[in-house]
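As a plain string of letters, each chain reads:
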Amino acid sequence: MIKKLMNVMLYVEDIDQAVDFWTNRLGFTVKNELDLMENFKGFEIAPEVASETTLVLFPLAFIEKYSPEVSRETPSLMFEVENIEETYVAFKNKGVHVGELVEIPDMKTFNFHDGQDNYFAVSEAVE
């Protein structure tokens, strides 16, 4: 039986740009570098070293060649933060393209994209 969600795989056009974005702009850590066939590289990243669930970045060209049956659509991901206003300003200051910070029932949220037209969201619960 399934125990937990271990990884979310993201397929990106430019692996170096993606690693730079997630680590240098968002503060993620590279937990593992994956040596793939034909000199392709993948990277397992996480917000913190101790994070149980990680993102695994794969070059889109690798997936198209070796796993063409896999959907290449970007999953819709929502990240939780403790201080969304601070995170919003920090993202903007690091040059991350962010959407409007909005409050909806029970949460504040905004979206951002990684420079490769993949959009993600950030939220904080409000009482």
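Residues numbered from 1 in each chain as written. Predicted model: local features only at pLDDT ≥ 70, side-chain atom pairs only at ≥ 80, totals over all residues. Heavy atoms only, no water.

A. Summary view of the pattern of salt bridges. All told, the structure shown has six salt bridges when counted by the stated rule. With a closest N to O distance of 3.2 Å, glutamate 33 and lysine 41 form a salt bridge. Under the relative-accessibility criterion, lysine 41 is labelled partly exposed at 30%. Residue lysine 41 pairs with aspartate 35 through a salt bridge whose shortest N-O separation is 2.3 Å. One salt-bridge network, held together by shared partners, links Glu33, Asp35 and Lys41. (Salt bridge = Lys/Arg side-chain N within 4 Å of Asp/Glu carboxyl O. Buried < 20%, exposed > 50% of the residue type's maximum accessible area, 1.4 Å probe, protein only.)

B. Region of interest: the packing of aromatic side chains. A complete count under the given rule lists 16 aromatic pairs for this structure. A connected cluster of aromatic rings, assembled from ring pairs, spans Phe21, Trp22, Phe28, Phe79, Tyr88, Phe91, Phe110, Phe112 and Phe120. (Phe/Tyr/Trp six-rings, centres within 6.5 Å; stacked < 30°, edge-to-face > 60°.)

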